[in-house]
Amino acid sequence: MPNEEASTLTVARSSSKRPAGTLYRGNTGMWSWVLHRITGVAIYFFLLVHVLDTAMIRVSPEAYDSVMSTYKNPLMGLGETALVIAIMFHAFNGIRIILIDFWSKGAKYQRVMFWIVIALWVIGTAGFAPIHLHNVFTEGQ
């Protein structure tokens, strides 16, 4: 009798029509998840460095001034631009995730909301990046 039950379970499992792995592999849900994690980790490391370099003022104001002066170059200006762009995506996508979790129709409209997030992100980037980069590259002239 136990052998019959085991063979029935094996047949039931092997005849399943569900594909292996995740069902949304390669779709907007996956890319949203990946970008949200990448931007979250980048923001976390920025905040870690920011707290550490700001804490230096208590240890040595001269060292703090020295570190702050190294930040005033075009490479760091590009980094600031990338940081703001990452924060914008993370914030807009975070609102999308909240809507998916707490709105009864959120899962149904998750793909549309992803494209709305991308549109808002592109508009925000287009509004911020040119002005900031202009300031970064013309500040010293």
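Residues numbered from 1 in each chain as written. Predicted model: local features only at pLDDT ≥ 70, side-chain atom pairs only at ≥ 80, totals over all residues. Heavy atoms only, no water.

**A word on the overall build of the protein**
Reasoning step 1: Across its full length, the protein carries 5 helices and 0 strands.
Reasoning step 2: Helices and strands in the protein line up, N terminus first, as α-α-α-α-α.
Reasoning step 3: For the protein, buried positions account for 21% of its 141 residues.
Reasoning step 4: A separation threshold of at least 6 residues defines the contact pool for the protein, and within that pool the share at least 24 residues apart is 66%.
Reasoning step 5: When the accessible surface of the protein is totalled, it reaches about 10,500 Å², and 70% of it is carbon and sulfur. (Helix = DSSP H or I, 4+ residues; strand = E, 2+ residues; numbered from the N terminus. Buried < 20%, exposed > 50% of the residue type's maximum accessible area, 1.4 Å probe, protein only. Contact = heavy atoms within 4.5 Å. Areas by Shrake-Rupley, 256 points an atom, 1.4 Å probe, with all protein chains shown as cover.)

**Comments concerning the packing of aromatic side chains**
Reasoning step 1: Counted by the stated rule, this structure contains 4 aromatic pairs.
Reasoning step 2: Where tryptophan 103 meets tyrosine 109, the ring centres are 5.6 Å apart and the plane angle is 15°; that geometry is what we call stacked.
Reasoning step 3: The class for tryptophan 103 is partly exposed, based on a relative accessible area of 37%. (Phe/Tyr/Trp six-rings, centres within 6.5 Å; stacked < 30°, edge-to-face > 60°.)

**Let's talk about the layout of surface pockets**
Reasoning step 1: Of the volumes computed, that of the largest pocket is approximately 350 Å³.
Reasoning step 2: Lining the largest pocket are 17 residues; nearest its centre among them are Phe46, Tyr71, Met76, Glu80 and Leu83.
Reasoning step 3: Among the secondary structure elements, those contributing two or more residues to the lining of the largest pocket are helix H2 (28-59), helix H3 (61-70) and helix H4 (74-102).
Reasoning step 4: No other element matches the 8 residues that H2 contributes to the lining of the largest pocket.
Reasoning step 5: Those elements giving two or more residues to the lining of the second largest pocket turn out to be H4 and helix H5 (110-138).
Reasoning step 6: When its residues are assigned to classes, the lining of the second largest pocket shows 3 nonpolar, 5 polar and 3 charged. (1 Å grid on protein atoms, 1.4 Å probe; cavity = no way out; pocket = protein on both sides within 12 Å on 5 of 7 lines; lining within 4 Å. Points joined across faces, edges and corners; volume = space filled by probe spheres on them. Nonpolar A, V, L, I, M, F, W, Y, C, P; charged D, E, K, R; others polar.)

**Section: the packing of H2 against H5**
Reasoning step 1: Here H2 crosses H5 at 50°, and the two axes come no closer than 10 Å. The orientation of H2 relative to H5 falls into the category oblique. Seen from above, H2 lies across H5 with left-handed handedness. Contacts between H2 and H5 involve Thr28, Gly29 and Ser32 from the first element and Gln110, Arg111, Phe114 and Trp115 from the second.
Reasoning step 2: A breakdown of the residues in the contact of H2 with H5 according to their chemical character gives 2 nonpolar, 4 polar and 1 charged. (Axes fitted to C-alpha atoms, helices over the stretch in contact; angles between N-to-C directions. Parallel < 35°, antiparallel > 145°, perpendicular 65-115°, else oblique. Left-handed = near helix turned anticlockwise from the far one by under 90°.)

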